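Observations on chain architecture
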Amino acid sequence: MSLQIYEFSRELIDISQKNGKYVSGGFGSEVGRFHHPVPEKIKDAVNRGDFRINDNYPPHTKLQANMVFRHCDWNEVEGSNLINRELLQQQEYALVAREIDEYSVLAVASGAIDDKNRPLVVYRYFWLSKPEENIDGIGVLLKWWLNAGKPKFEFLETHNSNELSYSVRELSGNFDSKNCEPLNPQLVEKLAEIKLYPFPFRANQSTEFTCGQLHSLALHLQKQYNIPLAWAWNVRRLEYPERFDLIYCVDEIYPCIVNNIHQREKSLKATPNDKPSVQSVPQKVQPDEKTYGEIKKCLLNIAKTDSIQREQYLKQLTQYIKKYPINQWNWKSLIEEEMTEEPSSLAKARYIALLVIFGQRRIHEWLYWLRKQRNVSFQFSSLYLQKKIESISAINDTIEVSIKAGIINLLLQCKSDSLRLEQYQDIEWLLIQSDSIWNVYFKYYARELLKQLIRRETKGNDEFCQKVIENLKAKEFQQQYNQFEHHFSEYTLLARLFENKHNYPLSALFYQLSQGKVPNEIFERDYVQIIPTIQEEETDIKNEIRQDVQRHRFSVLIFIKSHLEIIFFLTVMILGMSAITYISVQEHFLQPLEQKSK
């Protein structure tokens with residue numbers, strides 16, 4: 001049997017040399033250049049982020065990984081004469097493996113930097129098409145990759161320009177079917193620990209898992225529970241950890257991975273007769289009328305009681321949420337309208353804040369009401385309570401959806417022609433200046449929006465992103481057919497908003513869309529171009545303003561000079577100054593003034 005192994009890499013843009021090293025201006029397409037067409041199923045998985053490692057957390061060097069693991073001081077280690085400088089520069093790698101129907105894919109990730117010395121993760125993907133379902137395609141790729149010297153992404157210089165090297169690999173031979181080898185005691189012990197998946201774990205001082213051992217463990221897990229084969233080895237932070245069954249971590253980022261997937265774990269349980277299956281989550285029932293009454297009272301008590309009692313009612317609410325799916329609650333029977341219509345009070349502010357965080361009130365209407373009150377205690381108590389609600393792990397998913405929808409609503413408001421300046425200032429306060437979950441999640445949303453706009457894809461029901469993509473396509477159509485370039489002035493406030501959030505790529509995009517040019521200070525900080533941007537030059541208008549200022553200044557001097565003789569003459573007459581004094585003042589003051597005016 002003969003198998004072919006193909007490859008492609010993540011596309012980097014604006015490659016150059018800096019301090020003797022290759023750097024990039026950022027990344028373009030997730031599926032870069034290739035010699036053999038990449039199947040659509042693999043493209044879709046890569047574009048979805050199924051292999052993606054957070055760019056801010058590239059794999060460590062070997063030395064760095066060991067240091068963090070042993071809690072050593074980096075300065076002490078780096079200063080030691082025992083350090084091998086070549087080892088210090090040796091890049092470690094991470095592996096991400098996944099089976100996608102009839103295809104097997106192995107992604108080799110390593111670290112790089114952009115032209116502003118920020119981290120990037122670069123990938124070299126190897127894949128094959130399995131002729132039979134029971135072929136262990138990942139095992140074939142892994143064995144070949146190890147024997148081939150662990151090839152990873154590299155910058156290679158050609159006679160024309162700096163390009164990435166792509167090649168086609170072939171592998172021929174006989175391959176065994178997907179048979180699990182017997183587990184050693186270490187793997188048996190680890191397999192016994194796995195009750196839920198995704199299952200993240202990390203190295204300790206006595207044992208470390210090789211990529212081969214992790215794959216063997218994944219095969220046994222797949223055979224026992226019939227789960228998809230998807231694992232990540234030697235990673236620090238994944239974009240979507242919930243999409244894996246095994247995650248092997250190596251440093252202090254491990255708790256972050258665990259927290260990110262805590263609510264996305266699925267129960268594993270083998271059925272009788274060793275039939276593999278994944279145990280389904282029991283269907284939750286709707287609350288009855290009595291329970292709805294209790295929940296309604298609980299929400300009111302959270303708003304009305306003091307902080308100590310409020311904690312008790314929050315715990316009570318958590319129990320209701322765990323038992324009943326909150327996104328299916330009949331909120332009409334839960335909301336106490338009299339509470340929302342009573343005169344302004346702290347209890348009312350907290351109650352409405354509860355409804356907003358659960359997506360039961362329009363965020364922009366609540367925000368304008370909250371800011372209009374100009375009562376600091378209302379604002380502080382409302383935002384603090386929303387933070388407490390967001391921290392309840394049982395409702396994380398529901399809250400994330402609600403917060404994202406609220407942020408999208410506010411961004412759409414920023415595009416509205418009817419938006420008043422004070423309303424925009426309220427939005428800027430909530431998303432950027434306030435100590436709130438809206439501020440935190442806006443940062444996450446901005447990152448995700450940037451990725452979606454680069455790839456021209458929308459995740460979920462994101463009306464704002466979809467509208468921006470439509471405008472980008474319209475702009476590209478205008479440029480393609482040399483039509484009159486239309487500016488989208490509705491993005492002016494958004495350019496300012498993202499500038500103040502320090503997301504300069506999005507700010508540059510919206511300046512370009514709204515004004516046709518990007519201010520110098522934003523253009524220089526833009527590290528990923530979503531569309532080609534034009535730098536704003538020192539315009540004639542600015543020069544005219546400066547010249548006007550100069551002309552006005554000299555005009556004032558001339559005016560003073562022409563009338564000052566009269567002023568001094570009157571002063572002399574009033575004070576009885578002598579003629580000699582008058583002439584002296586004229587020589588020392590009026591003549592220099594005349595020279596300046598010229």
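Residues numbered from 1 in each chain as written. Predicted model: local features only at pLDDT ≥ 70, side-chain atom pairs only at ≥ 80, totals over all residues. Heavy atoms only, no water.

1. Section: the overall build of the protein chain
Scanning the protein chain for helices and strands turns up 23 helices and 16 strands. Among the 598 residues that make up the protein chain, the fraction classed as buried is 46%. Counting contacts in the protein chain only where the partners sit at least 6 residues apart, residues at least 24 apart contribute 64% of the total. A total accessible area of about 32100 Å² is found for the protein chain, and carbon and sulfur atoms account for 49% of it. (Helix = DSSP H or I, 4+ residues; strand = E, 2+ residues; numbered from the N terminus. Buried < 20%, exposed > 50% of the residue type's maximum accessible area, 1.4 Å probe, protein only. Contact = heavy atoms within 4.5 Å. Areas by Shrake-Rupley, 256 points an atom, 1.4 Å probe, with all protein chains shown as cover.)

2. Observations regarding empty space enclosed by the protein
Here the structure, examined in full by the defined rule, presents one cavity of 30 Å³ or more. Of the voids in this model, the largest cavity is the one considered here, and its volume is about 30 Å³. Together, Glu30, Val46, Gly49, Phe51, Arg52, Tyr123 and Tyr125 line the largest cavity. Within the lining of the largest cavity, the residues separate by chemical class into four nonpolar, one polar and two charged. (1 Å grid on protein atoms, 1.4 Å probe; cavity = no way out; pocket = protein on both sides within 12 Å on 5 of 7 lines; lining within 4 Å. Points joined across faces, edges and corners; volume = space filled by probe spheres on them. Nonpolar A, V, L, I, M, F, W, Y, C, P; charged D, E, K, R; others polar.)

3. Side note on the packing of aromatic side chains
Per the counting criterion, the structure on display carries 22 aromatic pairs. Between Phe51 and Tyr125, the ring centres sit 5.7 Å apart and the planes meet at 90 degrees, which makes this aromatic pair edge-to-face. Of the two residues, Phe51 is situated in the loop between α1 (40-48) and α2 (62-70) and Tyr125 in strand β8 (residues 119-129); the sequence distance between them amounts to 74 residues. Exposure class is identical for Phe51 and Tyr125. Each is buried. Clustering of aromatic rings is evident, with ring pairs tying together Tyr93, Trp145, Phe199, Phe201, Trp233 and Tyr248. The residue whose ring lies beneath Arg98 is Phe51, and the NZ or CZ to ring-centre distance is 5.8 Å. (Phe/Tyr/Trp six-rings, centres within 6.5 Å; stacked < 30°, edge-to-face > 60°. Lys NZ or Arg CZ within 6 Å of the ring centre and 35° of its normal.)

4. Looking at the side chain of Ser381
Here Ser381 lies in helix α14 (residues 376-390). A distance of 3.0 Å separates a polar atom in the side chain of Ser381 from a polar atom in the side chain of Arg350. (Polar contact = N/O pair within 3.5 Å; in protein donor to acceptor, adjacent residues only side chain to side chain.)

5. Comments concerning the environment of Gln360
Within the secondary structure, Gln360 sits in the loop between α12 (346-357) and α13 (363-372). Among all residues touching Gln360, those that are not within four sequence positions of it are Trp331, Ile335 and Leu355. A distance of 3.2 Å separates a polar atom in the side chain of Gln360 from the backbone oxygen of Phe358.

6. With respect to the packing of helix α9 (residues 289-304) against α12
Relative to each other, α9 and α12 sit at 130 degrees, their axes nearing to 7 Å. Relative to α12, the element α9 is oriented oblique. The handedness of the crossing between α9 and α12 is right-handed. Between α9 and α12, the residues in contact are Leu299, Leu300, Ile302, Ala303 and Lys304 and Ala347, Arg350, Tyr351 and Leu354, respectively. Among the residues making up the contact of α9 with α12, the classes are represented as seven nonpolar, no polar and two charged. (Axes fitted to C-alpha atoms, helices over the stretch in contact; angles between N-to-C directions. Parallel < 35°, antiparallel > 145°, perpendicular 65-115°, else oblique. Left-handed = near helix turned anticlockwise from the far one by under 90°.)

7. Focus on the pattern of salt bridges
It is possible for side chains bearing opposite charge to pair when their charged atoms get close. Using the criterion set out here, one finds 21 salt bridges in the structure. Notably, a salt bridge pairs Glu30 with Arg10, separated by 3.1 Å at the nearest N-O pair. Here the residue Glu30 occupies a position in the loop between β5 (26-27) and α1, and Arg10 occupies one in the loop between β1 (2-9) and β2 (12-13), the gap between them amounting to 20 residues. Accessibility expressed as a relative area gives 2% for Glu30, which makes it buried. Classification of Arg10 as buried rests on a relative accessible area of 1%. (Salt bridge = Lys/Arg side-chain N within 4 Å of Asp/Glu carboxyl O.)

8. A short note on the pairing of strand β6 (residues 94-100)
Where burial is concerned, most of β6 is hidden: seven out of the seven residues are buried. Alternating positions in β6 separate into two faces, Ala94, Val96, Arg98 and Ile100 on one and Leu95, Ala97 and Glu99 on the other, with burial throughout. Here β6 hands over to strand β7 (residues 103-113) after two residues, with Asp101 in that stretch at a positive phi of 55 degrees. (Pairing = 2+ DSSP bridges.)

9. Examining the confidence of the model for the protein chain
Per-residue pLDDT for the protein chain has a mean of 75; in total, 69% of the residues score no lower than 70. Contacts for the low-pLDDT stretch residues 157-176, under 50 throughout, to residues beyond four places or in other chains number 58 contacts. Between residues 541-558, whose pLDDT stays under 50, and residues either more than four places distant or in other chains, the model counts eight contacts. (pLDDT = per-residue confidence, 0-100.)

10. Quick look at helix α17 (residues 437-455)
Two residues of an α-helix separated by three or four positions point the same way, owing to the 3.6 residues in each turn. The end-to-end C-alpha separation of α17 is 27 Å, in line with the 27 Å expected for 19 residues at 1.5 Å each. Where burial is concerned, most of α17 is hidden: 15 out of the 19 residues are buried. The opening residue of α17, the one whose side-chain oxygen lies 3.3 Å from the backbone nitrogen of Trp438, is Ser436. Looking at the residues trailing α17, positive phi occurs at Arg456, about 55 degrees. (Expected span 1.5 Å × (residues − 1).)

11. What to know about the nonpolar core
If you look at the biggest cluster of nonpolar residues, it comprises 86 residues, and the most contacted ones within it are Trp329, Phe358, Trp366, Ile389, Trp438, Leu453 and Phe510. If you tally residues by element for this core, the top one is α17, at 10 residues. The next biggest cluster of nonpolar side chains, apart from the first, holds 36 residues, and it includes Trp145, Phe199, Cys211 and Tyr248. (Core = buried A, V, L, I, M, F, W, Y, C linked by side-chain atoms within 4.5 Å.)

12. Notes on the pairing of strand β15 (residues 246-249)
Because side chains alternate across β15, one face comprises the buried residues Leu246 and Tyr248, and the other comprises Ile247 and Cys249, equally buried. Relative to β15, strand β13 (residues 199-202) runs parallel, the two being bridged by four bridges. From the neighbouring strand, Phe199 faces β15, where its bridge partner is Leu246. In this sheet, β15 lies alongside strand β14 (residues 230-235) in parallel orientation, the contact comprising four bridges. Looking at the pairing, Trp233 lines up with Tyr248 of β15.

13. Some thoughts on the side chain of Ser507
Secondary-structure assignment places Ser507 in helix α20 (residues 504-515). Judged by its relative accessible area of 0%, Ser507 falls in the buried class. Look past the residues within four positions of Ser507 in its chain and what remains in contact with it is Ala495, Phe498, Glu499 and Ile522.

14. Looking at the packing of α13 against helix α16 (residues 421-433)
For any two helices packed against each other, the geometry is given by the interaxial angle and the distance between the axes. Taken N-terminus to C-terminus, the directions of α13 and α16 make an angle of 95 degrees; their axes are 10 Å apart at the nearest point. Between α13 and α16, the interaxial angle falls into the category roughly perpendicular. For the pair formed by α13 and α16, the contact residues are Ile363, Trp366, Leu367, Tyr368, Leu370 and Arg371 on the first element and Gln423, Asp426, Ile427, Trp429 and Leu430 on the second. Looking at side-chain class alone, the contact of α13 with α16 contains eight nonpolar, one polar and two charged residues.

15. Remarks on the environment of Glu422
Mapped onto the elements, Glu422 comes out in helix α16. When its relative accessible area of 37% is taken as the criterion, Glu422 is described as partly exposed. The sequence separation of Glu422 and Lys372 amounts to 50 residues, and the corresponding C-alpha distance is 9.9 Å.

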